[in-house]
Amino acid sequence: AKFACPPSHKLSKSSLQRCFPQLSDNLLFGMVFYEGTHDDSRTNIAIALSAAEHGACISNHTEVLELLTEGEGSQIVNGALVKDKITNTTFTIRAKSVIMCGGPFTDRLRKLEDEKSENVVNGAAGTHVVLSGKYCPRNYGMVDMATSDGRIL
C-alpha cells in the first residue's frame, strides 16, 4: 500500500476557538497538518528490508570514514569505507550509486568529498511538551510555529 496523507487545510478562527478554547481569541486561523503522523522509522525499515529482498546488503550502526571513488583523480563516488560502531571493525561498501542522506551529519559527509565545502545545514533545537488530553481535541496536537529566528518548521 502506498503512503498517502490527507492534504493540509486551514481552520477558520471559529473552528480554531471551538477546538482550542484555551487559546487567545486574537488568532486569525489555524492549520491542520497530517505529515507529522508519518512514521519515518517504519518507512526506513521497510526500505531496507525491500532492498535486502532485491539482493542488497544492508548495514546499520555504521559510520562513514571515507568516500571511495572509481580511481585515482576520479570524482565519481562508488563506495565508502565504514566502521561498524558495535564491533569497531571497518569494511568497504561498493555501490553503483551513492546517495548522501546525512541529515544533521550532511556537512561532515560533504567534507569527506570536498574538505573545502562550506557548512550548509543549520541545526534546529526544540522542546516537546506532552500535556493532558484535555488541552486538545481527540486526534489533534498543537505546534507553535513561531521560532526565535523566524523560520517556519
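Here, every reference points to the structure presented above.
Here is a short report on the structure shown in this document. (Residues numbered from 1 in each chain as written. Predicted model: local features only at pLDDT ≥ 70, side-chain atom pairs only at ≥ 80, totals over all residues. Heavy atoms only, no water.)

1. Considering the sheet that holds strand E4 (residues 77-84)
- On the basis of which strands lie adjacent, the open sheet formed by three strands has the order E3-E4-E5 and antiparallel pairing. The outermost strands of the open sheet, each flanked by one partner alone, are strand E3 (62-69) and strand E5 (90-94). Neighbour-to-neighbour, the strand axes of this sheet turn through a mean angle of 25°, independent of strand direction.
- With five bridges connecting them, E4 and E5 associate as antiparallel partners. When the sheet's bridge partners are listed, alanine 80 is paired in E5 with isoleucine 93. (Pairing = 2+ DSSP bridges. Helix = DSSP H or I, 4+ residues; strand = E, 2+ residues; numbered from the N terminus. Axes fitted to C-alpha atoms, helices over the stretch in contact; angles between N-to-C directions.)

2. Here's the deal with the pattern of salt bridges
- Tallying each qualifying case throughout the model produces two salt bridges.
- Of the charged contacts, one joins lysine 85 and glutamate 63 as a salt bridge, the two residues approaching to 3.1 Å between their closest N and O atoms. Of this pair, lysine 85 sits in the loop between E4 and E5 while glutamate 63 sits in strand E3, and the two are 22 residues apart along the sequence.
- The partly exposed category is assigned to lysine 85, whose relative accessible area is 48%.
- Between arginine 110 and aspartate 107 there is a salt bridge, with its nearest N and O atoms 3.8 Å apart. Residue arginine 110 and its partner aspartate 107 are located together in helix H3 (residues 106-113), separated by three residues, close to a single helical turn. (Salt bridge = Lys/Arg side-chain N within 4 Å of Asp/Glu carboxyl O. Buried < 20%, exposed > 50% of the residue type's maximum accessible area, 1.4 Å probe, protein only.)

Limitation: the analysis is restricted to geometry and does not speak to function.
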